[in-house]
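Here are the chains, one letter per residue:
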Amino acid sequence: RANSARRAIAQLENSLAFFGDADANLVGFLNNAIVPTVTIPNDGAGSLTTWASKSPDQVLRVMNLVANSVVESSLGVEIPDTMLLPLDSYNFIASTARSANSDTTILNYFLQNNPYIKQIEWVNELQAAGAGSTKRMVAYRRDPEVLTMEIPMDFEQLELQTLNLEYKVPCQERFGGVLIYYPLAIAFGDGI
């Protein structure tokens, strides 16, 4: 039961970190209104913005557009080093060739040629985090100066208690939310 309690609290902490809690007036990382959102060009097949409708060159342009928007909107003060993608979008760029004549994937090509982004990771919560429950991508500078997740009291299990014929292990944790100090160091791209 104590392990189940720890897991439940960790899952709640993860949900609060990404999406916040309206009842507690906590804003999450992925639904923070102060972070700029880049408009993704609708030049894919059928005038779509999704990566599945785009060529590898168009996907690379979108990735560069979101990463470069951080640099441009902050006038070069903020430089993103990390990009977050939904899992299927990450798998798409990791397994799709840069071109018909290339042995390099979109992922490898982007990491080799973009001057800012040093790592790309997948995050399940991005699958429907964008406007209209679309896929969202994020470019940001991974640094505690930019954003932090505040946990004033980490998970703690208290002394075992007996009540009638069963044992109870009270658990507690305090969560303060995600604080974004430099919103121009982050950019969202919706509809990928």
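In the block above lies the structure referred to throughout.
Figured I'd write up the structure that's included with this text. (Residues numbered from 1 in each chain as written. Predicted model: local features only at pLDDT ≥ 70, side-chain atom pairs only at ≥ 80, totals over all residues. Heavy atoms only, no water.)

**A few points about the sheet that holds strand S6 (residues 136-140)**
Here is step 1 of the chain: Pairing is mixed in the open sheet, where 5 strands are placed in the order S3-S13-S6-S4-S5. At either margin of the open sheet sits one strand with a lone partner, and together these are strand S3 (37-38) and strand S5 (119-122).
Here is step 2 of the chain: Bridge count for S3 against strand S13 (residues 186-190) is 2 bridges, and the pairing is parallel. Directly across from Val 38, in S13, lies its bridge partner Gly 189.
Here is step 3 of the chain: Helix H3 (residues 87-95) contacts strand S4 (82-85) and S5 of the sheet and is inclined by roughly 135° relative to S5. (Pairing = 2+ DSSP bridges. Helix = DSSP H or I, 4+ residues; strand = E, 2+ residues; numbered from the N terminus. Contact = heavy atoms within 4.5 Å. Axes fitted to C-alpha atoms, helices over the stretch in contact; angles between N-to-C directions.)

**Let's talk about the packing of helix H2 (residues 56-73) against helix H4 (residues 106-113)**
Here is step 1 of the chain: Running from N to C, H2 and H4 point in directions that differ by 40°, and their axes come no closer than 11 Å. Overall, the two elements H2 and H4 adopt an arrangement that is oblique. For the crossing formed where H2 meets H4, the hand is right-handed. In contact with Pro 56, Val 59, Leu 60, Met 63, Asn 64 and Ala 67 of H2, H4 contributes Ile 106, Tyr 109 and Phe 110. (Parallel < 35°, antiparallel > 145°, perpendicular 65-115°, else oblique. Left-handed = near helix turned anticlockwise from the far one by under 90°.)

**Regarding the environment of Thr 50**
Here is step 1 of the chain: Along the polypeptide, Thr 50 turns up in the loop between S3 and H2.
Here is step 2 of the chain: Here Thr 50 falls in the partly exposed class, since its relative accessible area comes to 31%.
Here is step 3 of the chain: Measuring from C-alpha to C-alpha, the distance between Thr 50 and Ala 94 comes to 16 Å, with 44 residues separating the pair along the chain.
Here is step 4 of the chain: When near neighbours in sequence (up to four residues on either side) are disregarded, Thr 50 contacts Gly 191 and Ile 192. (Buried < 20%, exposed > 50% of the residue type's maximum accessible area, 1.4 Å probe, protein only.)

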